[in-house]
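Take a look at the letters that make up each chain.
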Amino acid sequence: MEQTLAILKPSAIERNLTGKIIGRILDRGLIICGMKMMQLDEAILREHYAHLVDKPFFPQIVSSMTASPVIVMCLKGVDAVRVFREMVGVTNGRQAAPGTIRGDFAMSNQANIVHASDSVENARIELERFFKKGEILDYTPQAMASLYSADEALL
């Protein structure tokens, strides 16, 4: 099964949306196998958003992402990267489809509630960035048969 990184950004924390978002993740059938609250700093943001460091709006990213703690999660499931990205919706909340997390909760391009890894490769890199060894558990719910058919659960 794939793993992916989810970050509930300060805009989600400040608006008390964490329970609703985590509920959607669990309702969909993704498995949370690592979760913690942490305060981001500029150093980790420079690494995470390395492709944006030279952009004129990077200081705004740092400001918004350090405004409060965030919740980082490792999600696991079949096609977890794609499934979670589809749940999240497009980056700009005003353009995100209703029913997606951003479409239902965000009106901003920057204060867009949540981060989702964009590929399996980047998910591995991002998970290593935000989680130390031992913080991601090999957890599989007993209700696995209710999430997947037997042949899918082996993927």
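Because the structure is predicted, anything quoted here is derived from the model rather than measured. (Residues numbered from 1 in each chain as written. Predicted model: local features only at pLDDT ≥ 70, side-chain atom pairs only at ≥ 80, totals over all residues. Heavy atoms only, no water.)

Peer 1: Honestly, the pattern of salt bridges in this entry has me stumped. Any pointers?
Peer 2: Between side chains of opposite charge, a pair can form when the charged atoms approach closely. Applying the stated criterion across every chain, the model contains seven salt bridges. With its nearest N and O atoms 3.2 Å apart, the salt bridge here joins Glu86 to Arg82. Taken as a pair, Glu86 and Arg82 lie in helix H5 (residues 80-88) at a separation of four residues, close to a single helical turn. Each of Asp79, Arg82 and Glu86 takes part in salt bridges that share partners, so that together they form one network. (Salt bridge = Lys/Arg side-chain N within 4 Å of Asp/Glu carboxyl O. Helix = DSSP H or I, 4+ residues; strand = E, 2+ residues; numbered from the N terminus.)

Peer 1: Can you help me understand the pairing of strand E3 (residues 70-77) in this one?
Peer 2: When a strand is regular, its side chains alternate between the sheet's two faces. Burial within E3 is extensive, with eight of its eight residues counted as buried. Of the two faces of E3, both are covered, the one formed by Val70, Val72, Cys74 and Lys76 as well as the one formed by Ile71, Met73, Leu75 and Gly77. In the sheet, strand E1 (residues 2-8) pairs with E3 via seven bridges, with the strands oriented antiparallel. Note that in E3 the partner of Gln3 across the bridge is Lys76. In the sheet, strand E2 (residues 31-38) pairs with E3 via seven bridges, with the strands oriented antiparallel. (Buried < 20%, exposed > 50% of the residue type's maximum accessible area, 1.4 Å probe, protein only. Pairing = 2+ DSSP bridges.)

Peer 1: Just checking my understanding: could you explain the nonpolar core for this structure?
Peer 2: If you look at soluble globular proteins, the nonpolar side chains tend to sit buried side by side. Leu8, Ile21, Ile25, Met73, Phe84, Ile101 and Ile113 are the most contacted members of the largest nonpolar core, which totals 24 residues. The set of elements that each furnish at least two residues to this core consists of E1, helix H1 (10-14), helix H2 (18-28), E3, H5, helix H6 (101-105) and strand E4 (114-116). It is H5 that provides the largest number of residues to this core, a total of five residues. Ignoring sequence-local partners within four residues, the contact set of Ile113 consists of Ile7, Leu8, Lys9, Ser11, Ala12, Arg15, Leu17, Ile21, Ile101, Phe105 and Ala106. Ile7, Ile61, Val62 and Phe130 belong to the second largest nonpolar core, which has 19 residues in total. (Core = buried A, V, L, I, M, F, W, Y, C linked by side-chain atoms within 4.5 Å. Contact = heavy atoms within 4.5 Å.)

Peer 1: What is the right way to look at H2 in this model?
Peer 2: Since the α-helix packs 3.6 residues into each turn, any two residues three or four apart lie on the same face. Among all positions in H2, only Ile21, Ile22 and Ile25 are buried. Buried residues along H2 cover an arc of 95° about the axis, so they all sit on one side. Across H2 from its buried face, at more than 90 degrees, point the exposed residues Gly19, Lys20 and Asp27. Looking at the buried residues of H2, the elements they touch are E1, H1, E2, E3, H5 and H6. (Arc of directions from axis to C-beta.)

Peer 1: What am I meant to see in the sheet that holds E3 here?
Peer 2: Sheets are built from strands that pair by backbone hydrogen bonding, the pairs being arranged parallel or antiparallel. Taken in spatial order, the four strands of this open sheet run E2-E3-E1-E4, and their pairing is antiparallel. Strands with a single pairing partner mark the edges of an open sheet, and in this sheet they are E2 and E4. Averaged over all pairs of adjacent strands, the angle between their axes in this sheet comes to 20°, without regard to strand direction. Where helix H7 (residues 120-130) meets the sheet, its contacts fall on E1, E2, E3 and E4, and the angle it forms with E1 comes to roughly 60°. (Axes fitted to C-alpha atoms, helices over the stretch in contact; angles between N-to-C directions.)

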